[in-house]
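# Topology and contacts: notes
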Amino acid sequence: QVQLVESGGGLVQAGGSLRLSCAASRIGFSIYTMGWYRQAPGKRRNLVASITSGGSTNYADSVKGRFTISRDNAKNTVYLQMNSLKPEDTGLYYCNARFQDYVYWGQGTQVTVSS
């Protein structure tokens, strides 16, 4: 079955950086729109950033200018470079793959930003 495995989360001080990775397997990766979502405790899961098969990107207003999403189709991997992290960026970050009616989620990686 399809697997999305996130890595790169951790504890970082405000102003620091982290790079998340999501490795996909058993999937036609290059045709999927890939996204990163964040869920804070007691909150809804919200889109942070996405990248289409053609490389077009979309960002939540709260992360524009600080986060960068990219993909490497040869490695079936999507990345999220997070700079200038803020405490409000804390949450469980999920990788998402979407193509027509096919939607897959990873298990999530925790990001905690201390003030």
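Quick caveat: nothing in here was measured; it's all calculated off a predicted structure.

Here the focus is the overall build of the protein. For the protein, the helix and strand inventory stands at zero helices and eleven strands. When its helices and strands are written in sequence order, the protein yields β-β-β-β-β-β-β-β-β-β-β. In summary, the protein has a C-alpha radius of gyration of 13 Å against a globular reference of 13 Å for 115 residues, a match within 12%. Summarising its shape, the C-alpha atoms of the protein cover approximately 40 × 25 × 25 Å along the three principal directions. Put simply, 53% of the contacts in the protein that link residues at least 6 apart link residues at least 24 apart. Entry remark: accessible area of the protein is about 6200 Å², with carbon and sulfur atoms responsible for 45%. If the 12 positive side-chain charges of the protein are averaged to one point and the 6 negative ones to another, these points end up 1 Å apart.

Now for the side chain of R38. Here R38 is to be found in strand β4 (residues 33-39). Polar side-chain contacts of R38 include one of 2.9 Å to the side chain of Y93.

This part takes up the packing of aromatic side chains. The tally for this structure, following the rule as stated, stands at four aromatic pairs. Judged by centre distance (6.2 Å) and plane angle (45°), the rings of Y32 and Y104 are tilted. In this pair, Y32 sits in the loop between β3 (18-25) and β4 while Y104 sits in strand β10 (residues 102-105), placing the two residues 72 residues apart along the sequence. Above the plane of the ring of W105 lies R45, whose end atom (NZ or CZ) is 4.6 Å from the centre.

Turning to the nonpolar core, a few remarks are in order. Counting residues in hydrophobic clusters, the biggest one holds 27 residues, and the most contacted among them are M34, W36, V78, L80, M82 and Y93. Of all the secondary-structure elements, those providing two or more residues to this core are β3, β4, β5 (45-51), β7 (67-72), β8 (77-82), β9 (91-99) and β11 (109-114). Per element, the largest residue contribution to this core is four residues, and it comes from β3. Excluding residues that lie within four positions of it along the chain, Y93 makes contacts with E6, L20, W36, Y37, R38, V48, F67, L80, M82, G108, T109 and V111.

With the rule as written, the count across this model stands at three salt bridges. Here D61 ties to K64 by a salt bridge, and the two come within 3.1 Å at their closest N and O atoms. Via salt bridges that share partners, R38, R66 and D89 belong to a single interconnected network.

Attention now goes to the state of the cysteines. Under the definition given, this model contains one disulfide. Between the sulfur of C22 and that of C95 lies a disulfide, 2.1 Å long from S to S. Looking along the S-S bond of the C22-C95 disulfide, the torsion reads about -80°, which is the left-handed sense. Of this pair, C22 sits in strand β3 while C95 sits in strand β9, placing them 73 residues apart in sequence. Exposure class is identical for C22 and C95. Each is buried.

Rules used in this analysis
- Residues numbered from 1 in each chain as written.
- Predicted model: local features only at pLDDT ≥ 70, side-chain atom pairs only at ≥ 80, totals over all residues.
- Heavy atoms only, no water.
- Helix = DSSP H or I, 4+ residues; strand = E, 2+ residues; numbered from the N terminus.
- Rg over C-alpha atoms; globule rule 2.2 N^0.38 Å.
- Contact = heavy atoms within 4.5 Å.
- Areas by Shrake-Rupley, 256 points an atom, 1.4 Å probe, with all protein chains shown as cover.
- Lys, Arg positive; Asp, Glu negative; His and termini not counted.
- Charge placed at Lys NZ, Arg CZ, Asp CG, Glu CD.
- Polar contact = N/O pair within 3.5 Å; in protein donor to acceptor, adjacent residues only side chain to side chain.
- Phe/Tyr/Trp six-rings, centres within 6.5 Å; stacked < 30°, edge-to-face > 60°.
- Lys NZ or Arg CZ within 6 Å of the ring centre and 35° of its normal.
- Core = buried A, V, L, I, M, F, W, Y, C linked by side-chain atoms within 4.5 Å.
- Buried < 20%, exposed > 50% of the residue type's maximum accessible area, 1.4 Å probe, protein only.
- Salt bridge = Lys/Arg side-chain N within 4 Å of Asp/Glu carboxyl O.
- Disulfide = S-S within 2.5 Å.

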